[in-house]
Amino acid sequence: MAGKAQFYRDNLVKGLKAALGGFPFVPLLFWPFFLPAFQGLPVRTSKPSSTVVSGNLAFAHVEKLVSFGPRPPGSPGIGRAQAYILEILRSLSLEVEQQDFLASTPNGPTSMKNIVGKSHGQQSQAIILASHYDTLLMKNAVFVGANDGGSSTGLLLELSRVLSKTKNKLSLWFVFFDGEEAQRQWSETDGLYGSRYFVDRLKSEGHLGQIKAMILMDMIGDIDLKIENDLSSTSWLMQVVRKSARDFGYGRYLSSVEKGIVDDHIPFIRAGIPAVDLIDYDFGFNNSLWHTPNDTLDKVSPQSLKVAGDIVVRTIESLTAN
Ligand code: 1BN
Ligand code: ZN
């Protein structure tokens, strides 16, 4: 995918072809003469149907998040990202909760914030859809995490739009985690700050039993999307995800390589909540783009966002049917 400009150009051409119906393609040289005749014609644009995941809209969110600059915890960039996420969730009339906490990190106490948007279904039992929105702290380079942190957050915002439009049997919680990344070096205590705090709160407030399942997304914008068969995820839930992908004709986006991934789903699994990670942990050739300043917007594909989003929606339908 050559990026957004190409995406819009393709849609413009599609729109012109749709307006022309059976007419042969108009050579580009002449199109200024035809333009007045098109005005007022119902040209089909890329405007999405409201209950279908739009890769294009998810991508626009990623673009916005990247424009805020690096988003390590406590930074000005993450402050702008928080304001943006809150604005979108409120515009969807979701119940919004902010979890502010002071994390103890190797760099000292650091302010962090989880953001939760709740869509109430017929039942209080809930499915959590989640993403981390922070980026890796890089002191000597600009790291904007277009794919790592950006792609899944953009998709989660788009899923909030799509899924808040339909009345669901189960409640849906859209959870945006801060502090997924290690502040110095991955360890049991450095990393997953937001998800560990979130699960501790669920426990202390007696709400663990309310959560039917947790679906995490991470790094799903890669142009060459291959979703891992993560062995850390709850096995039956991973099978539901993989069947949902195949049912949609998306089998080619599933990796057959089995890996054990450490990510924000782990605190949920440890607390006994079924959880799954949709992650493509092989970013660029031989993972050469992962945690590098080259994790930029041009590496993110709207089509991959759409695929991951469709799989999540189908998985929720499956979980709700049972
Ligand atoms: C995912 C994206 N992760 C960090 N950024 C979690 C992770 C950490 C995955 C270490 C594999 C290894
Ligand atoms: Zn990362």
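So, here's what we can say about the structure. All residue numbers refer to position in the chain's written sequence, counted from 1. Going through the entries in the order they are written, you letter the chains from A and number the ligands from 1. Selection of residues for local features in this predicted model requires a pLDDT of at least 70, selection of side-chain atom pairs for listing and counting requires 80 or more, and totals for whole chains, interfaces and linings are taken over all residues.

### Things to note about the environment of Asp 148
- Numbering of helices and strands starts at the N terminus; helices are DSSP runs of H or I of at least 4 residues and strands are runs of E of at least 2. Residue placement: Asp 148 occurs in helix H5 (residues 146-164).
- Once residues within four sequence positions are removed from consideration, Asp 148 is found in contact with Thr 135, Leu 136, Met 219, Trp 290, His 291 and Asp 295. Residues are scored as being in contact if the C-beta atoms we place from backbone atoms lie within 7 Å.

### Concerning the environment of Leu 237
- By the element assignment, Leu 237 lies in helix H7 (residues 235-247).
- Exposure remark for Leu 237: the 23 C-beta atoms within 10 Å place this residue in the buried category.
- Aside from chain neighbours lying at most four places away, what touches Leu 237 is Ala 213, Pro 274, Ala 275 and Val 276. Residue burial is a threshold on neighbouring C-beta atoms within 10 Å of the residue's own C-beta, all placed from the backbone, with 20 or more meaning buried, 12 or fewer meaning exposed, and counts in between meaning partly exposed.

### A look at H7
- Expected span of a helix, by definition, is 1.5 Å for each gap between consecutive residues, and there is one gap fewer than residues. For H7, spanning 13 residues, the distance from its first C-alpha to its last is 18 Å, which sits close to the expected 18 Å at 1.5 Å a residue.
- Turning to H7, its buried residues are Leu 237, Met 238, Val 240, Val 241, Ser 244 and Ala 245. Down the axis of H7, the buried set is contained in an arc of 155°. They therefore lie on one face. The exposed set on the far side of H7, more than 90 degrees from its buried face, consists of Ser 235 and Trp 236.
- For H7, the elements touching its buried residues are strand S5 (211-218), strand S6 (227-230), strand S7 (254-259), strand S8 (275-279) and helix H9 (302-321).
- With its phi angle positive at about 80°, Gly 249 sits one or two positions after the end of H7. This arc corresponds to the set of directions leading from the helix axis out to the C-beta atoms.

### Quick word on the packing of helix H3 (residues 55-67) against H5
- An axis is simply a line fitted to the C-alpha atoms; with a helix, the fit covers only the stretch in contact. Between two such axes, the angle follows the N-to-C directions and lies from 0 to 180 degrees. Where H3 contacts H5, the two axes come as close as 8 Å, and the packing angle between them is 130°. Between H3 and H5, the angle falls in the class oblique. Here H3 and H5 pass one another in a crossing that is right-handed. Note on element contacts: H5 touches H3 through Ala 146, Gly 150, Ser 151, Thr 153, Gly 154, Leu 155, Leu 157 and Glu 158, opposite Leu 57, Ala 58, Phe 59, His 61, Val 62, Leu 65 and Val 66.
- Here the term charged refers only to Asp, Glu, Lys and Arg, the term nonpolar to Ala, Val, Leu, Ile, Met, Phe, Trp, Tyr, Cys and Pro, and the term polar to all other amino acids, Gly among them. Split by residue class, the contact of H3 with H5 holds 9 nonpolar, 5 polar and 1 charged. Note on angle classes: values under 35 degrees are labelled roughly parallel, values over 145 roughly antiparallel, values of 65 to 115 roughly perpendicular, and the remainder oblique. By the definition used in this description, the sense in which the near helix is turned from the far one sets the handedness, with an anticlockwise turn below a right angle giving left-handed and a clockwise turn giving right-handed.

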